[in-house]
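Listed here are the chains, written in short residue letters.
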Amino acid sequence: MSERVLIYLDGVSTSSADAVTFSDLSRNPRAVAERAARLGRVRVTHRDAPDFYLTAADRAEEREQTLTTASRLFLALIKHDPTASALVIAMPEVFPWVRHLTSDELRAFTLELVEALSDAAELEVDATTQEVIAGWRATARIKADPAHYAEARKPTSGDFGPVQVSA
């Protein structure tokens, strides 16, 4: 278990230099806002809800521009090389588990990822990128274990009952 160091700055107690509690935000919003402006963003922890970030607008806009630029660069690479060879070559350095995918699957993953990054940048649809990565990682995971992969490829028949969908 790691030790947590408490810091007290500008009337705001924190568990790390870039985090404050929701109570701190409620009690001293000006100090928290100044801190967010100075650091670029501050994580606001909440005991009964997910944490969130208080971010300086200019910093958020710069991050969006960076993502858009990277996305457009990847799309341009694919436009000039439909096989996406440069990106495909780089994928194992970013995602070591792609070694379990076939070359066609690796190309498909690369193209799907670039499209999802484009959606994140241009349409502000962020979840899709992580879904693409998780889906292809799951494919690689099942293919990495020959016994599980063989089992997954067996034909099925019949009704397996209702599918539970979580929100």
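All of the points below concern the structure found in this document. The shown structure was predicted, so the numbers you read here are calculated from the model rather than taken from an experiment. (Residues numbered from 1 in each chain as written. Predicted model: local features only at pLDDT ≥ 70, side-chain atom pairs only at ≥ 80, totals over all residues. Heavy atoms only, no water.)

If you look at the biggest cluster of nonpolar residues, it comprises 19 residues, and the most contacted ones within it are F95, W97, V98, L101, F109 and L113. When contributions to this core are tallied by element, the ones reaching two or more residues are α4 (85-94), α5 (103-123) and α6 (127-144). When neighbours within four sequence positions are excluded, W97 is seen to be in contact with F109, I133, W136, R137 and A140. Ranked by size, the runner-up nonpolar core spans 6 residues in total, among them V20, A36, V42 and V44. (Core = buried A, V, L, I, M, F, W, Y, C linked by side-chain atoms within 4.5 Å. Buried < 20%, exposed > 50% of the residue type's maximum accessible area, 1.4 Å probe, protein only. Helix = DSSP H or I, 4+ residues; strand = E, 2+ residues; numbered from the N terminus. Contact = heavy atoms within 4.5 Å.)

A few words now on the pairing of strand β4 (residues 41-45). Going residue by residue along β4, you find V42 and V44 tucked away on one face and R41, R43 and T45 left uncovered on the opposite face. Direction of pairing for strand β3 (residues 19-21) relative to β4: parallel, over a ladder of 3 bridges. Bridge pairing links A19 to R43 in β4. Pairing analysis gives 4 bridges linking β4 to strand β5 (residues 52-55), with the strands arranged antiparallel. The residue of β5 that forms the bridge with V42 is L54. (Pairing = 2+ DSSP bridges.)

We now examine a negative patch on the surface. A grouping of D58, E61, E62, E64, E124 and D126 is seen on the molecular surface, where their side chains present a negatively charged patch. In this structure, E62 sits in helix α3 (residues 57-80). (Patch = residues over 30% accessible without salt bridge, like charges linked within 9 Å, V, L, I, M, F, W, Y side chains within 5 Å. Areas by Shrake-Rupley, 256 points an atom, 1.4 Å probe, with all protein chains shown as cover. Salt bridge = Lys/Arg side-chain N within 4 Å of Asp/Glu carboxyl O. Lys, Arg positive; Asp, Glu negative; His and termini not counted. Charge placed at Lys NZ, Arg CZ, Asp CG, Glu CD.)

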